[in-house]
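Topology and contacts: notes
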Amino acid sequence: MPSHIQDQLASSLGKSDEGPNIALAEKIVKKTDVIGMKDLIGLLMHKSGTVRNDVIKVIYEIAERNVDLVLPYTDTVLLLLDHQDNRMKWGAMSALSAISKTKPDLMAQHLLNILKAMDTGSVITRDHGIYILCNISGLPSYHDDCLELLLEQLEKAPVNQTPMYAEQIANIISEPYKKRFIKIISSRKDVLEIPSKQKRLEKLLKKLQA
């Protein structure tokens, strides 16, 4: 029998847009509804892929607004990084990205799982992995490892993602890595030959070399 929470999902309401899912997330956050949150997590195991897709959307929207509601279920969200449904994988990574803003130490404990998901997941999965690595890099004991990993990602980043990755990394890069960072950007001729992307990267280089 559908739960009260399930009744409010887009699929239950016959809607094809994400409006109801976002509204549900906002409602749970506004009420700090821990019971509703628990119910939502339970629906991750629903037999319907459409329901599961709605649920992961609600979860990462909640994480963006009140990460404390999602924190108790971090281990459950981490398990989704191995899900066969790519929507679940990148949805989970979105939630973990939100968690990493305030709990980078927690995400640092699962760095190997995050890196594996980045290698096997979609562009969105990798995007959020970059955010997570940048947030973890703020921890002194992980800074060097994260910078090495981020620069590796920058070297092989898809053309369309390269400027965004470079901008994110530039925000957290430390002096010992600047020279290599600049060298990597300068070597990405495939990106620099596209005027709009060239403009973003040259602006970034100018700022770093100032």
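Residues numbered from 1 in each chain as written. Predicted model: local features only at pLDDT ≥ 70, side-chain atom pairs only at ≥ 80, totals over all residues. Heavy atoms only, no water.

**Quick notes on the environment of Lys178**
How we decide: Numbering of helices and strands runs from the N terminus, with a helix taken as a DSSP run of H or I at least four residues long and a strand as a DSSP run of E at least two residues long. Note on definitions: a residue-residue contact is assigned when non-hydrogen atoms from the two residues lie within 4.5 Å.
For Lys178, the position within the fold is in helix α12 (residues 175–187). Between the alpha carbons of Lys178 and Gly19 there is a distance of 42 Å; along the sequence they are 159 residues apart. If we skip the residues at most four places from it in the chain, Lys178 touches Ile173 and Leu208.

**Digging into the side chain of His143**
Structurally, His143 is set in helix α10 (residues 143–156). With sequence-adjacent residues up to four places away left out, His143 is seen in contact with Ser137, Ile172 and Ser174.

**Describing the packing of helix α11 (residues 162–170) against helix α14 (residues 195–209)**
Between two packed helices, the angle of one axis relative to the other and the distance separating the axes together describe the packing. The condition is simple: Every axis in this analysis is a line fitted to C-alpha atoms, fitted for helices over the stretch in contact. Angles between the N-to-C directions lie between 0 and 180 degrees. For classification, angles of less than 35 degrees are called roughly parallel, those exceeding 145 degrees roughly antiparallel, those between 65 and 115 degrees roughly perpendicular, and all remaining angles oblique. Each crossing is labelled by how the near helix is turned from the far one, with a counterclockwise turn of less than a right angle marking it left-handed and a clockwise turn marking it right-handed. By the convention adopted, Pro, Cys, Tyr, Trp, Phe, Met, Ile, Leu, Val and Ala count as nonpolar, Lys, Arg, Asp and Glu as charged, and the other residues, Gly among them, as polar.
Running from N to C, α11 and α14 point in directions that differ by 15 degrees, and their axes come no closer than 10 Å. Relative to α14, α11 is oriented roughly parallel. Our pair here, α11 against α14, has a crossing hand that is left-handed. Along the contact surface, α11 presents Pro163, Met164, Ala166, Glu167 and Ala170, while α14 presents Lys197, Arg200, Leu201 and Leu204. For the contact of α11 with α14, the per-class residue count stands at 6 nonpolar, no polar and 3 charged.

**Brief notes about the nonpolar core**
For soluble globular proteins, nonpolar side chains are generally found buried alongside one another. Stated formally: As used in this record, nonpolar core signifies buried Ala, Val, Leu, Ile, Met, Phe, Trp, Tyr and Cys residues forming a set joined through side-chain atoms within 4.5 Å. With a 1.4 Å probe rolled over the protein chains alone, any residue whose accessible area is under 20% of its type maximum counts as buried; one over 50% counts as exposed, and the rest are partly exposed.
Within the largest apolar cluster, 72 residues are counted, with the highest numbers of intra-cluster contacts made by Met37, Leu40, Ile59, Ile62 and Phe181. Once residues within four sequence positions are removed from consideration, Ile59 is found in contact with Met37, Leu40, Ile41, Leu44, Val70 and Ala95.

**Structural notes on the environment of Cys146**
Take Cys146: it is sitting in helix α10. With relative accessibility at 0%, the residue Cys146 sits in the buried group. Note: C-alpha distance between Cys146 and Leu133 (13 residues apart in sequence) is 5.8 Å.

**A word on the packing of aromatic side chains**
Heads up, the condition is: A pair of Phe, Tyr and Trp rings is counted when the ring centres sit within 6.5 Å of each other, with Trp represented by its six-membered ring. The angle between the planes then sorts it: under 30 degrees is stacked, over 60 is edge-to-face, the rest tilted.
Within the structure shown, the criterion is met by 1 aromatic pair. The interplanar angle of 45 degrees and the centroid separation of 6.0 Å between the aromatic rings of Tyr60 and Trp90 together place this pair among those described as tilted. Residue Tyr60 is located in helix α3 (residues 49–65), and its partner Trp90 is located in helix α6 (residues 86–102); the two are separated by 30 residues in the primary sequence. Overall, Tyr60 belongs to the buried group, its relative accessible area being 11%. Judged by its relative accessible area of 18%, Trp90 is buried.

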